[in-house]
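# Residue-level structure breakdown
Spelled out from the first residue to the last, the chains are:
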Amino acid sequence: MPEREPLEFGVWESDVGTFARATPKGELMFILSGAATFIETDGPTLSFGAGDLLVVPPNTQGTWVVSEKLRKVYVMA
């Protein structure tokens, strides 16, 4: 069986602002509080807030626009 990279997980927080996201890893996230929009490069725009569960596929690139201080639990693989 091939060896897998370890999972990365934790709680992440961001103040209001805009920044780029580009990572080779996929991500599962549960939004604990706040609100944001993710504008995927060559893809859809997603708005989300407290209570939402999102799955971001590997190699997804785009821009986060955090409109209310955001706090999430995440798992990256």
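Refer to the structure printed above.
So, how was this worked out
Residues numbered from 1 in each chain as written. Predicted model: local features only at pLDDT ≥ 70, side-chain atom pairs only at ≥ 80, totals over all residues. Heavy atoms only, no water. Phe/Tyr/Trp six-rings, centres within 6.5 Å; stacked < 30°, edge-to-face > 60°. Helix = DSSP H or I, 4+ residues; strand = E, 2+ residues; numbered from the N terminus. Buried < 20%, exposed > 50% of the residue type's maximum accessible area, 1.4 Å probe, protein only. Lys NZ or Arg CZ within 6 Å of the ring centre and 35° of its normal. Core = buried A, V, L, I, M, F, W, Y, C linked by side-chain atoms within 4.5 Å. Contact = heavy atoms within 4.5 Å. 1 Å grid on protein atoms, 1.4 Å probe; cavity = no way out; pocket = protein on both sides within 12 Å on 5 of 7 lines; lining within 4 Å. Points joined across faces, edges and corners; volume = space filled by probe spheres on them.

### Here we look at the packing of aromatic side chains
- Applying the stated criterion across every chain, the model contains five aromatic pairs.
- Ring geometry for tryptophan 12 versus tryptophan 64: centroids 5.7 Å apart, planes at 45°, classification tilted. You can see tryptophan 12 sitting in strand β1 (residues 8-14) and its partner tryptophan 64 sitting in strand β6 (residues 61-76), a full 52 residues away along the chain.
- Note on tryptophan 12: relative accessible area 27%, which makes it partly exposed.
- Assessed through its relative accessible area of 3%, tryptophan 64 is described here as buried.
- Taken together, a centroid distance of 6.0 Å and an interplanar angle of 65° make the contact between phenylalanine 38 and tryptophan 64 edge-to-face. In this pair, phenylalanine 38 sits in strand β3 (residues 27-40) while tryptophan 64 sits in strand β6, placing the two residues 26 residues apart along the sequence.
- Counting every residue linked through ring pairs, the aromatic cluster contains Trp12, Phe19, Phe38, Phe48 and Trp64.
- One Lys or Arg, lysine 72, reaches over the ring of tryptophan 12 and ends 4.6 Å from the middle of that ring.

### Structural notes on the nonpolar core
- Of all hydrophobic cores here, the largest spans 12 residues; its members are Met29, Ile31, Ala36, Phe38, Phe48, Leu54, Val56, Trp64, Val66, Leu70, Tyr74 and Met76.
- At the level of elements, β3, β5 (53-56) and β6 are the ones that each hand at least two residues to this core.
- For this core, the element with the most residues is β6, which contributes five residues.
- Dropping the residues within four chain positions of it, valine 56 is found in contact with Arg21, Gly26, Glu27 and Met29.

### Thoughts on empty space enclosed by the protein
- Taken as a whole and assessed by the stated rule, the structure comprises one cavity of 30 Å³ or more.
- Approximately 40 Å³ is the volume attributed to the largest cavity.
- Looking at the largest cavity, the residues that line it are Arg21, Met29, Phe38, Leu46, Phe48, Leu54, Val56 and Trp64.
- Elements with a minimum of two residues in the lining of the largest cavity: β3, β4 (45-49) and β5.

### Quick word on the environment of leucine 70
- Checked against the element boundaries, leucine 70 lands in strand β6.
- Relative accessible area serves as the criterion here: at 0%, leucine 70 is assigned to the buried category.
- Along the backbone, leucine 70 and glutamate 13 are 57 residues apart, and their C-alpha atoms lie at a distance of 5.5 Å.
- Once residues lying within four places of it in the same chain are set aside, the contact partners of leucine 70 are Trp12, Glu13, Ser14, Ile31, Ser33, Gly34, Ala35, Ala36, Phe48 and Trp64.

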